[in-house]
Each structure stands twice: as structure tokens, then as C-alpha cells.
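Chain by chain, the residues run as shown.
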Amino acid sequence: MHKRVIVVGGGNAALCAAISAANAGASVTLLERAPEPLAGGNSRFTAGAMRTVHAGATDLRNLMPEVSDAEWARTDFGTYTRGDFLEDLGRVTRYRTDPELAERLVDDSLPTLRWMRQQGVRFLPLYGRQSFTVNGRVQFWGGLVVEAWGGGPGLVEALTERARDVGVSIHYANHVRSLTGDARGVTGVTVASPVGTRELSADAVILACGGFEANAAWRARYLGPGWDLARVRGTRFNTGDGIAMATAIGAATRGHFSGCHAVQWDANAPEYGDLTVGDGFQKHSYPFGVLVNNAGQRFVDEGADFRNYTYARYGREVLNQPDQVAWQVFDAKCDGLLRDEYRIREVSRVTGATLEELGQRMDGMHVQAFVDTINRYNAAVREEVPFNPTVKDGRSTRDLTPPKSNWAQTLDTPPYTAYQVGCGITFTFGGLHVDADARVIAQDGAVIPGLFAAGELVGGLFYFNYPGGSGLTSGAVFGRRAGENAAR
Ligand SMILES: Cc1cc2nc3c(=O)[nH]c(=O)nc-3n(C[C@H](O)[C@H](O)[C@H](O)COP(=O)(O)OP(=O)(O)OC[C@H]3O[C@@H](n4cnc5c(N)ncnc54)[C@H](O)[C@@H]3O)c2cc1C
């Protein structure tokens, strides 16, 4: 007898769960709240970057057989061991990450990417964002080397096609409102669709319907005052429904409810993500420039670490500044270092031939304080240390607060450019308590029979920050587990 499995959501975690349940013999229904043109959740907004353990070229060639011999020959991918991934997770979460979930994420990362490949997802090296060319050789840095072909849209398209091929019944514009059952067992869902509200029964339900980043009231409630003013980088549909409906039947919550992933995001970006621009509103080359607020003051160490390890925290820092905005300032020496997103049409940018002229064009800026800050910064740069963007070069400032610890270069070559950024929230960290098999745990600590969860709405993995590219890997790892277990 086939198990009937309902999957709630339509992003990476939901699609991986649905495919894996169907592969394991279940009859699977996937209910996605968004209408088809807007489906795919935050997953569709991503660049498709996925963090995985790898031992270098052999592992990666299996994953990316399309890459030519010439490309392999000129590229140094390094290795990224189990220990590296666990250490990165531990370090950026201040060792709060749940060890059981962290080990499952790390140990299943490469097998799950291989599994995804078998399901039709193609991968390629993440050249643009994670590598630099030094003496003719491409060198990767930061442990993140793989992206899905076609980015987030390509990933969702490939998984959706596979889900259909293995018989998953996909329903868009189907908004799941509640779970049937209680902490002793879940037996279905209530779902609202354009044709009305109905109850569907199932042997198991997998919640993969995102965090609460698109719910302004919950943001203010859990993340704190001011967070209702943040822009949402991705889908408008992740409003915490999965967390609400599971806790309503007795599920336990877990993790960093006052924490989230939030980045510097164009100050004039729309309220929710725009699929035509994707993640182009992000502005991630700040380690090579100087970040100032409207009072003309610096407020973070722009070069504290590779941007992978700071970008998810600095959105919050910008939200805390006057007017909730800041400016990333560069000079002409940085032109070749700026990522593609600085060249999109929808960019908030001003330029000036002098620092004074630039300051006058920065709306709301205290010009004299700004010029003084840059002059103090310029005087503090350790010119004697060579600049190298591929390593933490230690080219820092001397006696400056806050310091700039790496990649400090004087701003002295016109034209000067400033990009206005605000805070864009990516996803929330707090969520449901699950075990390493993606089973949802009740408030009394027992497993809730028939209820699984995967992806953004799982709590306990990420605190304070997360290593870039772990979100999709987490959704795939726990989604795949949830699907297999739900089908049993
Ligand atoms: C701009 C941007 C760039 C990013 N880049 C990366 C990256 O490169 N690498 C990386 O690892 N992570 C990245 N992330 C984070 C990543 O998007 C998430 O970690 C991951 O996609 C979450 O997957 P998910 O399946 O859990 O959620 P989603 O993909 O958000 O899917 C949740 C789905 O649930 C649906 N839903 C919500 N409520 C209901 C309901 N009541 N009933 C039915 N359906 C419902 C939504 O419509 C949505 O489709 C990025 C995020 C953004 C916004």
C-alpha cells in the first residue's frame, strides 16, 4: 500500500522532499501557496550556491562532469573537509548550532548533491563570486565552490520537472491553513485554493514552507523594533505559516528566534524580491571599500573576514543606523573588484570627482564628518602590507575605531563612488524543533508521528550568522531525509 504524503511548500526543500518520498514509493501531493508564476519560494531568488564537503577535483568532477579538462587544469578548488564545514558552522553560530543537526547537514552534504545530480540538477563552479584569478590560475576561497546550473530559477525548474516525472501531483495557489491532528499524530491538512477550502488526509505531512521573514508583524515581534521596516529579499509568501500551524498542534520551537540572515541591500529596492532582478539588489563588495552612515561615521570592520562570514550580519548593522541606511564608498582602484550586482540598471549610486563632491551628492549625509572620516581612515591604512583579495591579507588600519582588518586601501583615486544600502532580510533562523531525521518534536520532547519539517522553518542550525550556501544544502539534506522517512 502506497503511503500518502503531503508536502507543504514549493521551494528547494519541498521539491527535494517530494521527489525523495516519490522515489521511495509514496503517493505525493505538493501544495504551494504561490500561483505558478511566483512559485519556488526563496529558493528561486538564490544564486543557487550550495556548500558541500569535498576532497578536491575528484569529488567535484563527479558532480560537474560538464566542466572541460582545460578548466580543471587552470582551477584550484582546494578541499573542504568535514572538519572545515563543522568548524565554519560552529564559529559563525558561536558554537550554538545543534551538533546532531550540524553533523547530519555536513555528512549528508556531498551525498545529497550527488543525489540531486541524479535527479537532473546540474552544477557548475561558482566562478564569479568565489574565485579570483592570480597569475593565470583561478583560485577558489571560502570553501564554497558549487552552484546550481541556472541559479535558483534553474534549480527550481530542474527539481519541478523531476518531481512531475516521478509522479508528484503539484498544486499551485494552494494555501495550507492548518494541520489535522495533534501532538499524538498528524493525519492531514486544511488547504484553501481558488476553488474553496478542503481537507486532505495523509499518512504523513512534510512542512517545507519557509520562515517568517515576509511577515512584518512577526519580524517586529521576534527580531525586534525596526525590523518591520526591512525589505524582503525574496518571496512574499513566507509568513511563518508552517511554524504557526505546527505549534498550534503542540510542536516545539527551537533556535534563534531573534536572529536572521540580513544583508546590505539597495536602499531603494522594492518591499519584496523582484524575480527579474533576483539577488542583484545585494551589495557584497564592501570588504574592499568603506562603509559609512548618514552621520559620516564608520560603524563596522568592513574587512573583518571574507564576505561569506560577515555579509549575513551586516544587514542588521545597517538597520541600526540613522534612517536605516548606509553608504558603501569606493574609489576607481576598486572598479575591477566590484561584483556584477554593482552594475545593474536599478542601482542607487552617486559619484564625485572629490570626496566633498561625493558627500554632497549622498542624500542625508553630514558632509564634513564624512570627509573627516575618510581622511582619518586613509591616514591609518598600513600601506606597507601588500593588498591581496584572495586571502585575508592583513592589510589593516592602525589605531582606528572600528578597525578595518583586511583589504584596507586608501580612497584616493577619483572618481569616487557611493552605493546607498539598506537592510534586506533573507530568512529567519528560529523555527521548529526537528531531529536529524527531520521528524518534528513535540513540546513534551516526543516525536510527533506523521509530521516532518525541512528547510528554512527548521530551528537550531543557524544562530547569529550562517556560512553562505548552507541554506539550500540544509533544505536539500533534510528535505531528502524527510521524504524518505515520510514514505516509510
Ligand atoms: C535573494 C536570496 C539569495 C539567496 N542565495 C542563497 C544561495 O545562493 N545559497 C543558499 O544556500 N541560500 C541562499 N538563500 C537562502 C535560501 O533561499 C533559503 O535558505 C532556501 O531557499 C530555503 O528553502 P526552503 O525550501 O526552505 O524555502 P522556500 O524556497 O522559501 O520555499 C518555501 C515555499 O513555501 C511556500 N509557502 C509558504 N507558506 C505556505 C503555505 N501556508 N502553504 C503552502 N505553501 C506555502 C512559499 O510559497 C514558498 O514557495 C538566498 C535567499 C534569498 C532571498
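Located above this text is the structure these notes cover.
Small disclaimer: the values here were computed from a predicted structure and weren't measured.

1. Observations regarding the site of the ligand
1) Next: The local shell around the ligand holds 41 residues, among which Glu 32, Asn 42, Ser 43, Asn 238 and Leu 472 are the closest.
2) Next: At 2.8 Å from a nitrogen atom of the ligand is found a side-chain nitrogen or oxygen belonging to Asp 241.
3) Next: Alone, the ligand offers 990 Å² of accessible surface; in the complex the protein occludes 97% of this.
4) Next: Mapped by element, the contributors of at least two residues to the shell around the ligand are helix 1 (12–23), strand 10 (175–182), helix 9 (241–248), strand 20 (416–428) and helix 13 (470–487).
5) Next: In terms of residue count, the dominant contributor to the shell around the ligand is helix 13 (three residues).
6) Next: Looking at the shell around the ligand residue by residue, the classes come out as 15 nonpolar, 20 polar and six charged.

2. Re the nonpolar core
1) Next: By size, the foremost hydrophobic cluster in this structure holds 138 residues, and its most contacted members are Met 116, Phe 123, Leu 179, Leu 207 and Leu 451.
2) Next: Here this core gathers at least three residues from each of two domains, domain 1 (4–210 + 429–487) and domain 2 (262–424).
3) Next: Not counting residues within four places of it along the chain, the set of residues in contact with Leu 451 comprises Leu 179, Val 186, Val 205, Leu 207, Ala 246, Ile 249, Ala 438, Arg 439 and Val 440.

3. Brief notes about the pattern of salt bridges
1) Next: Tallied over the full model, the rule gives 28 salt bridges.
2) Next: Of the charged contacts, one joins Glu 103 and Arg 82 as a salt bridge, the two residues approaching to 3.9 Å between their closest N and O atoms. Residue Glu 103 is located in helix 5 (residues 99–118), and its partner Arg 82 is located in helix 4 (residues 82–92); the two are separated by 21 residues in the primary sequence.
3) Next: Taking relative accessible area as the criterion, Glu 103 reaches 37% and is therefore assigned partly exposed.
4) Next: Residue classification places Arg 82 among the partly exposed residues on the basis of a relative accessible area of 36%.
5) Next: A network of salt bridges, in which partner residues are shared, links Arg 51, Asp 88, Arg 91, Asp 305 and Lys 392.

4. Considering helix 9
1) Next: Along helix 9, the residues classified as buried are Gly 242, Ile 243, Met 245 and Ala 246.
2) Next: Looking at the buried residues of helix 9, the elements they touch are strand 10, strand 13 (204–207), helix 8 (216–223), strand 15 (253–254), strand 21 (431–432) and strand 23 (447–453).
3) Next: Trailing helix 9 by a residue or two, Gly 250 shows a phi angle of about 105°, which is positive.

5. Remarks on the sheet that holds strand 3 (residues 49–50)
1) Next: Across the sheet, three strands lie side by side as 3-8-5; this open sheet has antiparallel pairing. On the outer flanks of this sheet lie strand 3 and strand 5 (123–125), each paired with one strand and no other.
2) Next: Sheet topology places strand 5 next to strand 8 (residues 146–148); three bridges connect them, and they run antiparallel. Looking at the pairing, Leu 124 lines up with Glu 147 of strand 8.

6. Quick word on the packing of helix 1 against helix 7 (residues 151–165)
1) Next: Packing of helix 1 against helix 7 leaves a shortest axis separation of 9 Å and a crossing angle of 25°. Judged by the inter-axis angle, helix 1 sits roughly parallel to helix 7. The crossing of helix 1 and helix 7 is left-handed. Contacts between helix 1 and helix 7 involve Asn 12, Leu 15, Cys 16, Ile 19 and Asn 23 from the former and Leu 155, Val 156, Leu 159, Thr 160, Arg 162 and Ala 163 from the latter.
2) Next: Across the contact of helix 1 with helix 7, the residue classes tally to seven nonpolar, three polar and one charged.

7. Details of unusual backbone geometry
Backbone geometry follows two general trends: most residues other than glycine have a negative phi, and most peptide bonds adopt the trans configuration.
1) Next: A cis amide bond links Thr 401 to the next residue, Pro 402, at an omega of -10°.
2) Next: The topology assignment puts Pro 402 in the loop between helix 12 (367–380) and strand 20.
3) Next: For the peptide bond that leads from Pro 414 to Pro 415, omega is 0°, which places it in the cis range.
4) Next: Assignment of secondary structure puts Pro 415 in the loop between helix 12 and strand 20.
5) Next: Unlike most non-glycine residues, Arg 94 shows phi in positive territory, near 55°.

8. A word on the sheet that holds strand 10
1) Next: Sheet architecture is open: three strands sit in the order 10-11-12, paired in antiparallel fashion. The two strands at the open ends of the sheet, each matched to only one other strand, are strand 10 and strand 12 (196–201). The sheet shows a mean angle of 25° between the axes of neighbouring strands, direction not considered.

9. Some words on the side chain of Asn 465
1) Next: Looking at the secondary structure, you find Asn 465 in the loop between strand 23 and helix 13.
2) Next: Residues contacting Asn 465, with those up to four places away along its chain left out, are Val 92, Thr 93, Tyr 309, Thr 310, Ala 312, Arg 313 and Phe 429.

10. Brief notes about the environment of Gly 422
1) Next: Looking at where Gly 422 falls in the secondary structure, it is placed in strand 20.
2) Next: Overall, Gly 422 belongs to the buried group, its relative accessible area being 7%.
3) Next: Sequence separation between Gly 422 and Glu 317 is 105 residues, and the spatial gap between their C-alpha atoms is 9.6 Å.
4) Next: Filtering out sequence-adjacent residues up to four positions away, Gly 422 remains in contact with Val 263, Gln 264, Trp 265, Asp 266, Ala 267, Val 318 and Gln 324.

Scoring rules and cut-offs
- Residues numbered from 1 in each chain as written.
- Predicted model: local features only at pLDDT ≥ 70, side-chain atom pairs only at ≥ 80, totals over all residues.
- Heavy atoms only, no water.
- Near = heavy atom within 4 Å.
- Polar contact = N/O pair within 3.5 Å; in protein donor to acceptor, adjacent residues only side chain to side chain.
- Areas by Shrake-Rupley, 256 points an atom, 1.4 Å probe, with all protein chains shown as cover.
- Helix = DSSP H or I, 4+ residues; strand = E, 2+ residues; numbered from the N terminus.
- Nonpolar A, V, L, I, M, F, W, Y, C, P; charged D, E, K, R; others polar.
- Core = buried A, V, L, I, M, F, W, Y, C linked by side-chain atoms within 4.5 Å.
- Buried < 20%, exposed > 50% of the residue type's maximum accessible area, 1.4 Å probe, protein only.
- Domains from an automatic or database assignment.
- Contact = heavy atoms within 4.5 Å.
- Salt bridge = Lys/Arg side-chain N within 4 Å of Asp/Glu carboxyl O.
- Pairing = 2+ DSSP bridges.
- Axes fitted to C-alpha atoms, helices over the stretch in contact; angles between N-to-C directions.
- Parallel < 35°, antiparallel > 145°, perpendicular 65-115°, else oblique.
- Left-handed = near helix turned anticlockwise from the far one by under 90°.

These results come straight from atomic positions and should not be treated as a statement about function.
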